[in-house]
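The lines below spell out each chain.
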Amino acid sequence: MDWCDAWGEYKGPLERLLRALKFKRHDFLGDALASLLEETLRARGDLAFDAISGVPMPRARERRRGYNQAELLGRALARRLGIRCDMTLLARRGERAAQSTLPKRSRAGNVQGAFSASTLVKGTSILLVDDICTTGETIRACASALRDAGAARVCAVAVAKAS
C-alpha cells in the first residue's frame, strides 16, 4: 500500500458519530463524513485515482445492517471528487468474525485471504475507503488483494483511526 490516512481519532464525538453510522442506521451521515475524507485527500494533495472502492463486508452482515458504511462513504466521496466508485473491484470471501470482536493480535490472521480483487484493477490507481482503521489489518488485506490482481497503486483513507 502506498499510504493510508485518516481524518481524525476514533474517540469522543467522532466515535459516537461512526457508531451511529455503523449500528444505528444513521446512513444520512455518509455525505458529511465523506466531506472529511475529501478534506484529508485535498490536504495530502493526492487525488490521482482511477477508482474508489469501499472495503467490502460479508453479505449477511450487510443485509442485517441495511448497507455497507464503507460503500456509502466511498460513493459519497466519489461524487464529491468526480472519480468513479466501483464496488465490484473487491470481493469478500465468506463470513469471518468481525474484526472489532477480536483481540488485536488475532486480526491479521482473521483477514488473511479474506478478499479477492477483479483483474479490472490491472495497472490502475485505487483508493480504498473505510470508516475506521483500528489496526490496519483489513485495509492491508484489501490492498494486498488489489496489488496481487495488478493494481499499480493502492492508497487508503478512513474517517478515523484508533489511537
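Residues numbered from 1 in each chain as written. Predicted model: local features only at pLDDT ≥ 70, side-chain atom pairs only at ≥ 80, totals over all residues. Heavy atoms only, no water.

1. Some words on helix H1 (residues 12-23)
1) Next: For H1, with twelve residues, the first-to-last C-alpha span of 16 Å sits near the 16 Å given by 1.5 Å per residue.
2) Next: For H1, the set of buried residues is Leu14, Leu18, Ala20, Leu21 and Lys22.
3) Next: In this structure, the buried residues of H1 make contact with strand E1 (3-9), helix H2 (30-44), helix H3 (59-65), helix H4 (69-81), strand E5 (125-133) and strand E6 (153-161).
4) Next: Positive backbone phi, at 60°, marks Arg25, one or two positions downstream of H1. (Helix = DSSP H or I, 4+ residues; strand = E, 2+ residues; numbered from the N terminus. Expected span 1.5 Å × (residues − 1). Buried < 20%, exposed > 50% of the residue type's maximum accessible area, 1.4 Å probe, protein only. Contact = heavy atoms within 4.5 Å.)

2. Side note on the sheet that holds E1
1) Next: Strand order in this open sheet of four strands is E1-E6-E5-E2, and the pairing throughout is parallel. Lying at the two open borders of the sheet, with one neighbouring strand each, are E1 and strand E2 (51-54). On average, adjacent strands in this sheet sit at an angle of 20° to one another, irrespective of strand direction.
2) Next: Helix-sheet contacts for H4 involve E2, E5 and E6, and the interaxial angle to E5 is about 130°. (Pairing = 2+ DSSP bridges. Axes fitted to C-alpha atoms, helices over the stretch in contact; angles between N-to-C directions.)

3. Quick notes on unusual backbone geometry
1) Next: At Arg25, a residue that is not glycine, the phi angle is positive and equals roughly 60°.
2) Next: Mapping Arg25 onto the fold places it in the loop between H1 and H2.

4. So, the pairing of E5
1) Next: The buried fraction of E5 is high, at nine of nine residues.
2) Next: Note that E2 and E5 share four bridges and pair parallel. Across the sheet, Ile52 pairs through a bridge with Leu127, a residue of E5.
3) Next: Taken together, the eight bridges between E5 and E6 define a ladder with parallel strand orientation. In the sheet register, Ser125 faces E6, and the bridge partner there is Arg153.
4) Next: A crossover links E5 with its parallel partner E6, the connecting element being helix H6 (residues 137-148), and its sense is right-handed. (Right-handed = clockwise from strand over helix to strand, strands pointing away.)

5. Things to note about the environment of Pro58
1) Next: Here Pro58 shows up in the loop between E2 and H3.
2) Next: The class for Pro58 is buried, based on a relative accessible area of 4%.
3) Next: On a C-alpha basis, the gap between Pro58 and Leu128 in space is 17 Å, while along the polypeptide they are 70 residues apart.
4) Next: Discounting residues that sit within four places of it in the chain, Pro58 has contacts with Arg92, Gly94 and Glu95.

6. Observations concerning the packing of H2 against H4
1) Next: Look at H2 against H4: their axes get within 8 Å of each other, and the N-to-C directions meet at 60°. As the angle between them shows, H2 and H4 are arranged oblique. Relative to H4, the crossing made by H2 is right-handed. Contacts from Gly30, Asp31, Leu33, Ala34, Ser35, Leu37, Glu38, Leu41 and Arg42 of H2 reach H4 at Leu72, Leu73, Ala76, Leu77, Arg80 and Leu81.
2) Next: Per-class residue counts for the contact of H2 with H4 are nine nonpolar, two polar and four charged. (Parallel < 35°, antiparallel > 145°, perpendicular 65-115°, else oblique. Left-handed = near helix turned anticlockwise from the far one by under 90°. Nonpolar A, V, L, I, M, F, W, Y, C, P; charged D, E, K, R; others polar.)

7. A few points about the pattern of salt bridges
Proximity of charged atoms lets side chains of opposite charge pair with each other.
1) Next: Scanning the model with the defined rule gives eleven salt bridges in all.
2) Next: Close ionic contact of Arg84 with Asp86 constitutes a salt bridge, the shortest N to O distance being 3.0 Å.
3) Next: The class for Arg84 is partly exposed, based on a relative accessible area of 43%.
4) Next: Given a relative accessible area of 13%, Asp86 falls into the buried group.
5) Next: In this structure, Arg140 and Glu137 form a salt bridge, with 3.2 Å as the shortest nitrogen-oxygen distance. Highlighted residues: Arg140 and Glu137, both in helix H6, separated by three residues, approximately one helical turn.
6) Next: For Arg140, a relative accessible area of 42% corresponds to the partly exposed category.
7) Next: Sharing partners across several salt bridges, the network here consists of Asp31, Glu38, Arg42 and Arg80. (Salt bridge = Lys/Arg side-chain N within 4 Å of Asp/Glu carboxyl O.)

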